[in-house]
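# Descriptive analysis of the structure
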Amino acid sequence: MLAELFLDASRACEAHSPLTRALLVAAAEDLARGGVTARVMAGAECDRHGTVPGLRFAGALHRLVLEGRAPALARHYPTVGGEPDFATLWDDALTVLHEQADELRALVTSTVVQTNEPGRSAPLFGGLHTATHLAADEAGRRARFPVRLLEVGASGGLNLRPHRVAYRVDGEVFGDPGSPFALDPGWTGRPPVDLRHDLRLVRRAGCDLDPVDVSTEDGRLHLSSFVWADQVNRFARLQAAIDLARLDPVPVRRATGPEWLAEQLAQPERDVLTVVWHSVVWQYASPADRAMGRAILADAAARATPVAPLALLVYEPRRTHAAGAYEFRLLLKLWPAGISLRLGTGAGHGVPFTWDTAPWD
Ligand SMILES: C[S@@+](CC[C@H](N)C(=O)[O-])C[C@H]1O[C@@H](n2cnc3c(N)ncnc32)[C@H](O)[C@@H]1O
């Protein structure tokens with residue numbers, strides 16, 4: 001039942017967003033008594049857990065606030081300078097729900113929840129430096145390889161320019177000091193290689209089942225609306241990454257990962273390190289896509305040579321021994337060298353992150 005899915009979503013965001021939690025709890029009660037929320041969610045009554053209807057509802061409200069079309073509610077939203085007043089939040093939400101029910105219903109029914117977290121560029125940046133260093137070592141080259149970066153599940157492609165971000169670490173700046181996107185990666189330790197080397201990304205491409213075009217205002221609003229409205233730092237990070245993406249566009253193709261990878265990896269490329277990267281994608285891929293993805297990568301790995309090396313770099317969650325807890329691990333595999341390393345662990349959004357290299361089997 002929809003009200004129960006709203007309550008599930010409210011529990012899931014309890015630790016991150018008191019504002020969204022309060023909205024979802026009140027909306028679940030309103031749904032149960034057949035209030036205006038039921039009108040807004042008309043057509044979504046049979047939605048399943050995986051389509052997260054509660055988050056689509058919260059995202060639609062956030063979007064109207066960001067567009068300046070819900071002034072009654074905006075005063076509660078930190079992403080537009082407000083501060084939540086939990087005593088009046090739902091009454092103000094009701095005003096917007098009544099005034100804009102049709103618009104909200106259109107948003108909820110046409111939307112797929114979509115996020116893109118540019119904080120994950122920081123582990124990617126350190127991982128790419130490590131991979132290019134190790135690949136050069138294995139090939140007996142002095143100079144590091146330039147990189148061809150292939151991202152599966154790229155969303156808006158915001159992690160396709162990790163070399164163009166200004167990473168501020170203990171008074172030093174790595175990456176591109178002049179970047180409009182400055183990031184404190186919250187590192188404990190450092191990657192096991194010198195980060196002052198040039199990291200050259202000579203080709204970049206991404207695919208996604210539902211790509212977001214961040215060059216458009218619609219794309220910016222779409223991704224922005226799914227950031228918790230009380231996480232202002234994360235929201236600012238997203239805006240800066242979109243600004244950077246607009247200066248340096250990289251297209252994201254609409255395709256499933258394995259289909260696209262098969263095409264991209266058909267021919268080994270000499271004198272570049274080909275890196276396949278994905279972050280927080282694996283859990284969403286179907287079992288068939290996972291199996292096909294593994295087979296395509298194994299095939300490409302078998303064809304890799306010291307002068308046309310291949311790397312897999314991933315940042316994905318892994319359940320820990322503590323009940324319900326996850327850690328996110330940065331893993332690197334390199335062919336033909338046969339190197340397999342865990343480079344470190346970090347938070348879901350890629351910051352903070354602890355560098356700690358160990359074998360990965
Ligand atoms: C949680 S988002 C992460 C986006 C991005 N990788 C990041 O770290 O910000 C997961 C993304 O994976 C995409 N996705 C899921 N299954 C996929 C598949 N089989 N092929 C391509 N993309 C997929 C989704 O559309 C979504 O954009």
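Residues numbered from 1 in each chain as written. Predicted model: local features only at pLDDT ≥ 70, side-chain atom pairs only at ≥ 80, totals over all residues. Heavy atoms only, no water.

### Notes on the overall build of the chain
Along its length, the chain carries twelve helices and twelve strands. Taken over the C-alpha trace, the chain has a radius of gyration of 22 Å; the compact-globule value for 361 residues is 21 Å, and the two agree within 12%. Projected onto the principal axes, the alpha-carbon positions of the chain cover approximately 70 × 45 × 40 Å. A total of 361 residues make up the chain; the buried ones form 52% of that total. Partitioning the intrachain contacts of the chain with sequence separation of at least 6 by distance along the chain shows that 68% fall at a separation of at least 24. Counting only carbon and sulfur atoms, one obtains 51% of the accessible surface of the chain, whose full area is about 16,100 Å². Put simply, the chain has 38 plus and 43 minus side-chain charges, and the middle of one group is 6 Å from the middle of the other. (Helix = DSSP H or I, 4+ residues; strand = E, 2+ residues; numbered from the N terminus. Rg over C-alpha atoms; globule rule 2.2 N^0.38 Å. Buried < 20%, exposed > 50% of the residue type's maximum accessible area, 1.4 Å probe, protein only. Contact = heavy atoms within 4.5 Å. Areas by Shrake-Rupley, 256 points an atom, 1.4 Å probe, with all protein chains shown as cover. Lys, Arg positive; Asp, Glu negative; His and termini not counted. Charge placed at Lys NZ, Arg CZ, Asp CG, Glu CD.)

### Quick look at the packing of aromatic side chains
Summed over all chains, the structure comprises six aromatic pairs. Taken together through their ring pairs, the aromatic side chains of Trp 187, Tyr 315, Phe 328, Phe 353 and Trp 355 make up a single cluster. Over the aromatic face of Phe 145 sits the side chain of Arg 141, whose NZ or CZ is 3.9 Å from the ring centroid. If you follow Lys 333 out to its NZ or CZ, it ends over the ring of Trp 360, 4.8 Å from the centre. (Phe/Tyr/Trp six-rings, centres within 6.5 Å; stacked < 30°, edge-to-face > 60°. Lys NZ or Arg CZ within 6 Å of the ring centre and 35° of its normal.)

### Overview of the layout of surface pockets
For the second largest pocket, the calculated volume is near 360 Å³. Counting only elements with at least two residues in the lining of the second largest pocket, the list comes to helix H4 (53–66), helix H7 (101–110) and helix H9 (217–225). For the lining of the second largest pocket, a count of residues per class yields six nonpolar, eight polar and six charged. When residues of the lining of the second largest pocket are assigned to domains, at least three fall in each of domain 1 (2–110) and domain 2 (118–359). (1 Å grid on protein atoms, 1.4 Å probe; cavity = no way out; pocket = protein on both sides within 12 Å on 5 of 7 lines; lining within 4 Å. Points joined across faces, edges and corners; volume = space filled by probe spheres on them. Nonpolar A, V, L, I, M, F, W, Y, C, P; charged D, E, K, R; others polar. Domains from an automatic or database assignment.)

### What about the sheet that holds strand E10 (residues 326–335)?
Here nine strands make up an open sheet; going across it, the order is E5-E12-E11-E10-E9-E8-E1-E6-E7 and the pairing mixed. Two strands bound the open sheet, and with one partner strand each, they are strand E5 (187–188) and strand E7 (252–254). Note that E10 and strand E11 (residues 339–346) share seven bridges and pair antiparallel. In the sheet register, Phe 328 faces E11, and the bridge partner there is Gly 346. Packed on one face of the sheet, helix H8 (residues 121–139) meets strand E1 (147–152), E5, strand E6 (201–208), strand E8 (273–279), strand E9 (310–319), E10, E11 and strand E12 (353–359) and runs near 25° to E10. (Pairing = 2+ DSSP bridges. Axes fitted to C-alpha atoms, helices over the stretch in contact; angles between N-to-C directions.)

### A look at the domain arrangement of the chain
Examined at the domain level, the chain breaks down into domain 1 (2–110) and domain 2 (118–359). Centre-to-centre separation of domain 1 and domain 2, based on C-alpha positions: 33 Å. Across the boundary between the two partners, domain 1 contributes 16 residues, which contact 13 residues of domain 2. Area buried by domain 1 at its contact with domain 2 is led by Arg 63, Leu 66 and Thr 79, which between them contribute 38% of it. (Buried area = accessible area lost by both parts, 1.4 Å probe.)

### Comments concerning the site of the ligand
Contacts to the ligand come from 20 residues, most closely from Glu 117, Arg 120, Gly 153, Asp 208 and Ser 279. The separation between an oxygen atom of the ligand and a polar side-chain atom of Gln 114 is 2.9 Å. The contact in question runs from an oxygen atom of the ligand to an N or O atom on the side chain of Ser 279, over 2.5 Å. In the complex, the protein chains occlude 94% of the 590 Å² of accessible area that the ligand would expose alone. (Near = heavy atom within 4 Å. Polar contact = N/O pair within 3.5 Å; in protein donor to acceptor, adjacent residues only side chain to side chain.)

### Focus on the environment of Arg 318
Tracing the chain through its elements places Arg 318 in strand E9. Sequence spacing of Arg 318 and Phe 328 is ten residues, and the spatial spacing of their C-alpha atoms is 6.1 Å.

### A word on the nonpolar core
Core analysis: the biggest nonpolar cluster contains 56 residues, and Leu 128, Leu 149 and Leu 313 have the highest contact counts within it. Sequence-distant contacts of Leu 128, that is, excluding residues within four places in its chain, are made with Val 147, Leu 149, Pro 162, Leu 199, Leu 201, Val 275 and Leu 313. Counting 36 residues, the second largest nonpolar core, distinct from the first, contains Leu 2, Phe 6, Ala 27 and Leu 73. (Core = buried A, V, L, I, M, F, W, Y, C linked by side-chain atoms within 4.5 Å.)

### Focus on empty space enclosed by the protein
In this structure the tally under the stated criterion is two cavities of 30 Å³ or more. Taken as a whole, the largest cavity spans an internal volume of roughly 100 Å³. Forming the boundary of the largest cavity are Arg 148, Leu 265, Gln 267, Pro 268, Glu 269, Thr 274, Ala 300, Arg 303, Ala 304, Ala 308, Pro 309 and Leu 310. Residues belonging to the lining of the second largest cavity are distributed by class as follows: four nonpolar, two polar and two charged.

### Quick notes on the sheet that holds strand E2 (residues 166–169)
Spatial ordering of the open sheet is given by E3-E2-E4, a layout of three strands whose pairing is mixed. In this open sheet, the two edge strands, each paired with only one partner strand, are strand E3 (172–175) and strand E4 (182–183). Across four bridges, the pairing between E2 and E3 is antiparallel. Bridge pairing in E3 places Arg 168 opposite Val 173. On top of the sheet, H8 reaches E2, E3 and E4; it is set at about 90° to E2, its chief contact.

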